[in-house]
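# Geometric and topological summary
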Amino acid sequence: MSGARRGDDTGPHNRPAAVVTGGSRGIGRGIVLALAGAGYDVVVNYASNADAAAEVGRAVAALGGRAHLVRADVSRPADRRQLIDEATAAFGRLDLLVSNAGVAPDVRADLLEAGEESFDRLVDINLKGPYFLIQLAARTMIEQQAAGLTERPKIVVISSISAYTASVNRGDYCVTKAGLAMTTQLYATRLAEHGINVYEIRPGVIETDMTGPVRARYDDLIFNQGLTPIRRWGQPEDVGRAVVAVATDLLPFSTGQVIDVDGGFHLRTL
Ligand code: NAP
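This is a predicted model, so every value here is computed, not measured. (Residues numbered from 1 in each chain as written. Predicted model: local features only at pLDDT ≥ 70, side-chain atom pairs only at ≥ 80, totals over all residues. Heavy atoms only, no water.)

Bringing the site of the ligand into the picture now. Residues in close proximity to the ligand total 31 residues, the closest being Ser24, Ser48, Asn100, Tyr173 and Thr208. A distance of 2.9 Å separates an oxygen atom of the ligand from a polar side-chain atom of Lys177. Computed on the free molecule, the ligand has an accessible area of 900 Å², of which 94% lies beneath the protein chains in the complex. Among the elements of the structure, α1 (26–37), β2 (41–46) and α5 (171–191) are those that each provide at least two residues to the shell around the ligand. The class makeup of the residues in the shell around the ligand is 14 nonpolar, 13 polar and four charged. (Near = heavy atom within 4 Å. Polar contact = N/O pair within 3.5 Å; in protein donor to acceptor, adjacent residues only side chain to side chain. Areas by Shrake-Rupley, 256 points an atom, 1.4 Å probe, with all protein chains shown as cover. Helix = DSSP H or I, 4+ residues; strand = E, 2+ residues; numbered from the N terminus. Nonpolar A, V, L, I, M, F, W, Y, C, P; charged D, E, K, R; others polar.)

The structure is reproduced here in structure tokens:
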């Protein structure tokens, strides 16, 4: 049966364990709370905002779950290693990696003006970091399967509608998200023989700190101009529920699958 068991077991290593990068705020926070509600122990990774991470830790405890907070920059190889090592030490098993951490460009710059510094920063955090963190997590999962610690671990990549939507004032961001789409396909193909399914979740416009600076513009697009058939902002828990669905093996014969959590943004209409 399913490897990622629901959390009705109480022994120290009997509950499934997840790592969520960027779990301290926004979409990552929603994913962490949804997983805690489904019985997972969760490693909450963050970059620098320790207060936000601590708040998520308390929220997990209030749900009866266990959280382990790890400050690690996913763009740094040593930090990625530390994250996986700490996760294993904390909970003894790794059933799920959710690669969620990501950043927007500090300044939205036109494609003909944008500089390399922002491009390099976004590639390092949004693409190269996840690419190699997934590699590390997959190796760990395969080892743990051999040791009988986990059965059918899973990997979830949080990309974006920007994987296929051209925004010429943040080309760097779009390129990293398109790269994540191929990252998902690559790992899904490679890891199928190990029984590790890999999913790409593509959020649309979600209400978080990241979209705070463009809130008024998106309000207009959603509520007045019909940007999405479902006329509301997406919420972090919308993404959290999708993660729980795949984590708990509700799509066992699907891998490399793209799951749109976007209020229907991807639909073509006439
Ligand atoms: P957010 O509110 O800005 O939160 C970002 C999270 O990522 C924070 O927990 C932050 O940690 C962490 N983080 C940033 N850089 C990191 C690094 N180098 N290493 C580790 N953690 C890092 O963003 P969000 O809106 O929740 O977005 C989460 C993901 O969803 C991103 O990949 C984003 O591209 C994607 N997404 C967002 C939307 C949207 O509309 N919001 C839509 C589609 C896709 P600190 O708290 O320490 O800063």
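Estimated volume of the second largest pocket: approximately 150 Å³. Around the second largest pocket sit 13 residues that line it, and Arg232, Gly234, Asp238, Asp262 and Gly263 are the ones nearest its centre. The residue makeup of the lining of the second largest pocket, split by class, is six nonpolar, four polar and three charged. (1 Å grid on protein atoms, 1.4 Å probe; cavity = no way out; pocket = protein on both sides within 12 Å on 5 of 7 lines; lining within 4 Å. Points joined across faces, edges and corners; volume = space filled by probe spheres on them.)

Let's shift gears to the nonpolar core. Ile31, Leu35, Leu96, Val98, Ile201, Val239 and Val243 are the most contacted members of the largest nonpolar core, which totals 29 residues. Look past the residues within four positions of Val243 in its chain and what remains in contact with it is Ile31, Leu35, Leu96, Val98, Val156, Ile158 and Ile201. Grouped together as the second largest cluster of nonpolar side chains are 26 residues, Ala17, Phe91, Leu127 and Tyr187 included. (Core = buried A, V, L, I, M, F, W, Y, C linked by side-chain atoms within 4.5 Å. Buried < 20%, exposed > 50% of the residue type's maximum accessible area, 1.4 Å probe, protein only. Contact = heavy atoms within 4.5 Å.)

With that settled, consider the pattern of salt bridges. All chains considered together, the criterion is met by 15 salt bridges. As a salt-bridge pair, Arg15 and Asp41 come within 2.9 Å of each other at their nearest N and O atoms. Of this pair, Arg15 sits in the segment before β1 (17–20) while Asp41 sits in strand β2; the two residues are 26 residues apart in sequence, bridging distant segments of the chain. In this structure, Arg15 and Asp41 share a single accessibility class: buried. One salt-bridge network, in which partners are shared between bridges, spans Arg15, Asp41 and Arg66. (Salt bridge = Lys/Arg side-chain N within 4 Å of Asp/Glu carboxyl O.)

This paragraph deals with the packing of α1 against helix α2 (residues 50–62). Where α1 meets α2, the axes come as close as 9 Å, and the angle between the chain directions of the two elements is 20°. Accordingly, the angle class assigned to the pair α1 and α2 is roughly parallel. Judged by the twist between their axes, the crossing of α1 over α2 is right-handed. Note on element contacts: α2 touches α1 through Glu55, Val56, Ala59 and Val60, opposite Arg29, Val32, Leu33 and Ala36. A breakdown of the residues in the contact of α1 with α2 according to their chemical character gives six nonpolar, no polar and two charged. (Axes fitted to C-alpha atoms, helices over the stretch in contact; angles between N-to-C directions. Parallel < 35°, antiparallel > 145°, perpendicular 65-115°, else oblique. Left-handed = near helix turned anticlockwise from the far one by under 90°.)

On the surface, Tyr131, Phe132, Met182 and Leu186 cluster together into a nonpolar patch covering about 340 Å² of accessible area. Those elements that provide at least two residues to the nonpolar patch are α4 (116–146) and α5. Judged by relative accessible area, Leu186 falls into the partly exposed class, the value being 42%. (Patch = residues over 30% accessible without salt bridge, like charges linked within 9 Å, V, L, I, M, F, W, Y side chains within 5 Å.)

Turning next to the environment of Ile230. Within the element layout of this structure, Ile230 appears in the loop between α6 (215–224) and α7 (236–247). Separated by 43 residues in sequence, Ile230 and Tyr187 have C-alpha atoms that sit 32 Å apart.

Within a pair of aromatic rings, the relevant descriptors are the distance that separates the centres and the angle that separates the planes. Counted under the stated rule, the structure contains three aromatic pairs. Ring geometry for Tyr131 versus Phe132: centroids 5.0 Å apart, planes at 70°, classification edge-to-face. Aromatic side chains Tyr218 and Trp233 sit 6.2 Å apart centroid to centroid with 85° between the ring planes, which places their arrangement in the edge-to-face category. Linking Tyr218 in helix α6 with Trp233 in the loop between α6 and α7, this pair joins segments that are 15 residues apart in sequence. We classify Trp233 as buried; its relative accessible area is 5%. One Lys or Arg, Arg215, reaches over the ring of Trp233 and ends 5.0 Å from the middle of that ring. The ring of Tyr218 carries the charged tip of Arg217 above its face, separated from the ring centre by 5.5 Å. (Phe/Tyr/Trp six-rings, centres within 6.5 Å; stacked < 30°, edge-to-face > 60°. Lys NZ or Arg CZ within 6 Å of the ring centre and 35° of its normal.)

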